[in-house]
Amino acid sequence: MEKLIIRLRTEPFWSMFFAFAGVMFVLLVTQTLTESIKSWEIDMEMFLWFLLVGFIAQSIDGALGMAYGVSSNSILLGIGIPPATASAWVHFAQVFTSLASGISHWKMGNVDWKLAKKLLIPGVWGSIIGAYILSSLDPDLVKPVIAVYLFVMGIVILRKVKKKQVPKFDRESKSIPVLASAGGFADAVGGGGWGPIVNSTLLSKGKIARYAIGTGNFVEFFVSLASASTFLFFVKELSLAPVLGLILGGIVAAPFAAYICRLIKPKYLMIAVGILIIFLSIRTFYLAL
């Protein structure tokens, strides 16, 4: 905490950004609760289903450091939720799960602050643009496109199974802001993808694993907050049951993720997740047509 206070005092960028993010977070939570309380009755069957979705997605993300959004969005689209609504619900829940993850990585000293600054603004702008575009399009036209995107993400995850020799990481590379913009945009449009695109690319470029995942997950909170805030203006289907189910499912799953890592080798888990996402994307594409 002392190190963070010193950084906030010496770097106005982080002071202003944390203050702005705090205000947006409070407004997001207040607005969500206000909309939900209007119909306080909870559909228990829907809540339990989304609790299961949140549990599975967070277990995968906690074990691999990626794929929460891609996994949960694939399942939501598979059961017939419209693309913009699915992505909105996922990002509302992900604001809370990524906040917990980001704080954990910050406390463990896994955040490269200079790299985070390079990822932050482009990632946030990319997510805002992606959320706006997705909310403005016809769901029937978007669904096949998102299905193809998720299919590609499944292939990307499967490719990560094969280890490669990586070069020395270049923090000053001009491709980093472009990577963050693409990751934020794809994450909002596809309901997930920040981890598979940004974290995995940082790893492939030679960034030490703890800093690649820690910095990526820290920035992901701001990206998710930007997406969720943008969706708030366009998506009116804010139901308490699915959002609460996704959040609580993720919280309950967090302690089990480490245990899953001990039981199953990450390589085999990535194969299973990649195959599941590919299967669900094909099913979604078929139903959309």
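Sequence positions are assigned chain by chain, starting from 1 and proceeding in written order. The model is predicted, so local features are restricted to residues of pLDDT at least 70 and side-chain atom pairs to those at 80 or more, both for listing and for counting; the totals for chains, interfaces and linings are taken over all residues. In computing side-chain values, all of the structure's heavy atoms are included and hydrogens and water are not.

### Some remarks on the overall build of the protein chain
Thinking step 1. In this text, helices come from DSSP runs of H or I with a minimum length of four residues, and strands from runs of E with a minimum of two, each type numbered from the N-terminal end. In terms of helices and strands, the protein chain carries 12 helices and zero strands.
Thinking step 2. Starting at the N terminus and walking to the C terminus, you meet the elements of the protein chain as α-α-α-α-α-α-α-α-α-α-α-α.
Thinking step 3. Going through the 289 residues of the protein chain one by one, you find that 50% of them count as buried.
Thinking step 4. Put simply, 85% of the contacts in the protein chain that link residues at least 6 apart link residues at least 24 apart. Note on classification: 1.4 Å probe, protein chains only; a residue is buried when its accessible area is under 20% of the maximum for its type, exposed when over 50%, partly exposed between these limits. Should any heavy atoms of two residues lie within 4.5 Å, those residues are considered in contact.

### Details of helix H4 (residues 68–78)
Thinking step 1. Counting buried positions over the 11 residues of H4 gives 11, a clear majority of the element.
Thinking step 2. Every buried residue of H4 is accounted for by Tyr68, Gly69, Val70, Ser71, Ser72, Asn73, Ser74, Ile75, Leu76, Leu77 and Gly78.
Thinking step 3. Residue Gly80 follows H4 closely and has a positive phi angle near 100°.

### Here's the deal with the packing of aromatic side chains
Thinking step 1. Think of it this way: a Phe, Tyr or Trp ring, Trp meaning its six-membered ring, pairs with another when their centres are within 6.5 Å, and the plane angle makes it stacked under 30 degrees, edge-to-face over 60, tilted otherwise. Applying the stated rule across the entire model yields four aromatic pairs.
Thinking step 2. Relative to Phe222, the ring of Phe221 has its centre 5.1 Å away and its plane inclined at 70°; by these criteria the two rings are edge-to-face. Residue Phe221 shares its accessibility class with Phe222, and that shared class is buried.

### What to know about the UniProt feature "transmembrane region" (unreviewed entry) in the protein chain
Thinking step 1. Following the UniProt record, one finds the feature "transmembrane region" (unreviewed entry) at residues 12–34, 46–68, 141–158, 211–234, 240–261 and 268–288.
Thinking step 2. Taken end to end, residues 211–234 is 92% helix and 0% strand, and its two terminal C-alpha atoms sit 35 Å from one another. UniProt positions are given in the numbering used here, feature names are shortened, and annotations may be inferred rather than shown by experiment.

### Describing the packing of helix H6 (residues 113–136) against helix H8 (residues 175–190)
Thinking step 1. Lines fitted to C-alpha atoms define the axes here, with helix axes fitted over just the stretch in contact, and angles between the N-to-C directions of these axes take values from 0 to 180 degrees. Following both chains from N to C, one finds H6 and H8 inclined at 35°, their axes separated by 6 Å at the closest point. Judged by the twist between their axes, the crossing of H6 over H8 is right-handed. Residues Leu115, Lys118, Leu119, Pro122, Gly123, Gly126, Ser127, Ile129, Gly130, Ala131, Ile133 and Leu134 of H6 pack against Ile176, Pro177, Ala180, Ser181, Gly184, Phe185, Ala188 and Val189 of H8.
Thinking step 2. For this classification, Asp, Glu, Lys and Arg are treated as charged, while Ala, Val, Leu, Ile, Met, Phe, Trp, Tyr, Cys and Pro are nonpolar and the rest, including Gly, are polar. Tallied by class, the residues present in the contact of H6 with H8 amount to 13 nonpolar, six polar and one charged. Should the near helix be turned anticlockwise from the far one by less than a right angle, the crossing is termed left-handed; should it be turned clockwise, right-handed.

### Observations concerning H6
Thinking step 1. Residue count minus one, scaled by 1.5 Å, sets the expected span of a helix. Between its terminal C-alpha atoms H6 stretches 34 Å, which fits the 34 Å expected from 24 residues at 1.5 Å a residue.
Thinking step 2. The sharpest bend along H6 reaches about 30° and sits at Leu120, with the proline Pro122 one to four residues further on.
Thinking step 3. Polar contact is the term for a pair of N or O atoms within 3.5 Å; when the atoms are in protein, one must be able to donate a hydrogen and the other to accept it, and sequence-neighboring residues count only if both atoms are side-chain atoms. Measuring from the side-chain oxygen of the N-cap residue of H6 to the backbone nitrogen of Lys114 gives 3.3 Å; that N-cap residue is Asp112. Bend angle per residue: angle between axes fitted to the 7 residues ending at that residue and the 7 residues starting there.

### Remarks on the packing of H4 against helix H5 (residues 83–107)
Thinking step 1. Between H4 and H5, the least distance of the axes is 10 Å, while the angle of their chain directions is 145°. Once H4 is placed against H5, the crossing between them reads as right-handed. Residues Tyr68, Gly69, Ser72, Asn73, Leu76 and Leu77 of H4 form the contact with H5, whose own contacting residues are Pro83, Ala86, Ser87, Val90, Ala93, Gln94 and Thr97.
Thinking step 2. When its residues are assigned to classes, the contact of H4 with H5 shows seven nonpolar, six polar and no charged.

### A few points about the nonpolar core
Thinking step 1. Residues belong to one nonpolar core when they are buried, are Ala, Val, Leu, Ile, Met, Phe, Trp, Tyr or Cys, and are joined through side-chain atoms within 4.5 Å. Residues Leu119 and Val219 are the most contacted members of the largest nonpolar core, which totals 62 residues.
Thinking step 2. Broken down by element, the residue count for this core peaks at 11 residues, all from helix H10 (residues 209–232).
Thinking step 3. Aside from chain neighbours lying at most four places away, what touches Leu119 is Ile176, Ala180, Trp194, Val198, Leu202, Thr215 and Val219.

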